[in-house]
Amino acid sequence: NAGVTQTPKFQVLKTGQSMTLQCAQDMNHNSMYWYRQDPGMGLRLIYYSASEGTTDKGEVPNGYNVSRLNKREFSLRLESAAPSQTSVYFCASGPGQGAQNIQYFGAGTRLSVL
Amino acid sequence: LAKTTQPISMDSYEGQEVNITCSHNNIATNDYITWYQQFPSQGPRFIIQGYKTKVTNEVASLFIPADRKSSTLSLPRVSLSDTAVYYCLVGPKAAGNKLTFGGGTRVLVKP
């Protein structure tokens, strides 16, 4: 059982480049989330999707876009990367429906923007 | 959502019990207390959740006093592999978009 799978694991970008972080879950969860974690800090929510077909902004959405492709997949896109977006990005999923504070996280994508 | 306060760091030794206390003075009636564990270079992992009294699973125990203004995560007989950051989160179950991971408690288990 893979759980939440994120690709790529590492990425280096130059300022202004774009990229998409991929996330897929195989637990049939309704809700999916994207977080970022800066060194020594807690996680901050970027975007989330409560169910297939819906997406909403979290605490720090500027500079990002998301797509809930289907129930399994939730991608995060950086249109024009900036050094301030250097961080570790985590995707998570959760069953929703009254248990939304129990989330299952992927291993993360470590992104450096030069 | 309720603000939480937990120690920044704790040291322990293998085989000891580790207790991490989280304060949440303004916890609301419908709030649950949830703990996550994060190993270096990994995503957080759900450990345990409770509403009141005591909850125990194969990983930890969670003690919640009657006034619910604090909670204690207890890790029995820790090993080196329990070295991690532990996060206390307080909020309603239907608040997936409002989970607030603060700085957590960095637990270092020494041999």
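Computed from a predicted structure; not experimentally measured.

### Considerations on the packing of aromatic side chains
Two measures describe an aromatic ring pair: the distance that separates the ring centres and the angle between the ring planes.
Moving on, step 1. Considering all chains together, one arrives at eleven aromatic pairs over all chains under this definition.
Moving on, step 2. Ring plane angle 90° and centroid distance 6.1 Å describe the contact between Phe105(A) and Tyr36(B), whose orientation is recorded as edge-to-face. A residue pair is termed interchain when its members come from two chains, as with Phe105(A) in strand β10 (residues 104-105) and Tyr36(B) in strand β3 (residues 31-38). The pair Phe105(A) / Tyr36(B) is uniform in exposure class, with both members buried.
Moving on, step 3. Here Tyr87(B) and Phe101(B) contribute two aromatic rings whose centre-to-centre distance is 5.3 Å and whose plane-to-plane angle is 80°, an arrangement assigned as edge-to-face. Taken together, the positions of Tyr87(B) in strand β8 (residues 84-92) and Phe101(B) in the loop between β8 and β9 (105-110) put the pair 14 residues apart, joining distant regions of the chain.
Moving on, step 4. Accessibility expressed as a relative area gives 2% for Tyr87(B), which makes it buried.
Moving on, step 5. Residue class for Phe101(B) comes out buried when judged on its relative accessible area of 4%.
Moving on, step 6. The aromatic ring of Tyr51(B) is capped on one face by Arg68(B), whose charged end is 3.9 Å from the ring centroid.

### Points about the sheet that holds strand β7 (residues 64-68) of chain A
Residues and elements named next belong to chain A.
Moving on, step 1. Strand order across the open sheet formed by four strands is β1-β3-β8-β7, with antiparallel pairing between neighbours. Every other strand in the sheet has two partners, leaving β1 (4-7) and β7 as the edge strands with one partner each. Mean inter-strand twist for the sheet, computed between neighbouring axes without regard to direction, equals 15°.
Moving on, step 2. Two elements, β7 and strand β8 (residues 74-78), share five bridges in a ladder whose sense is antiparallel.

Rules used in this analysis
- Residues numbered from 1 in each chain as written.
- Chains lettered and ligands numbered in written order.
- Predicted model: local features only at pLDDT ≥ 70, side-chain atom pairs only at ≥ 80, totals over all residues.
- Heavy atoms only, no water.
- Phe/Tyr/Trp six-rings, centres within 6.5 Å; stacked < 30°, edge-to-face > 60°.
- Helix = DSSP H or I, 4+ residues; strand = E, 2+ residues; numbered from the N terminus.
- Buried < 20%, exposed > 50% of the residue type's maximum accessible area, 1.4 Å probe, protein only.
- Lys NZ or Arg CZ within 6 Å of the ring centre and 35° of its normal.
- Pairing = 2+ DSSP bridges.
- Axes fitted to C-alpha atoms, helices over the stretch in contact; angles between N-to-C directions.

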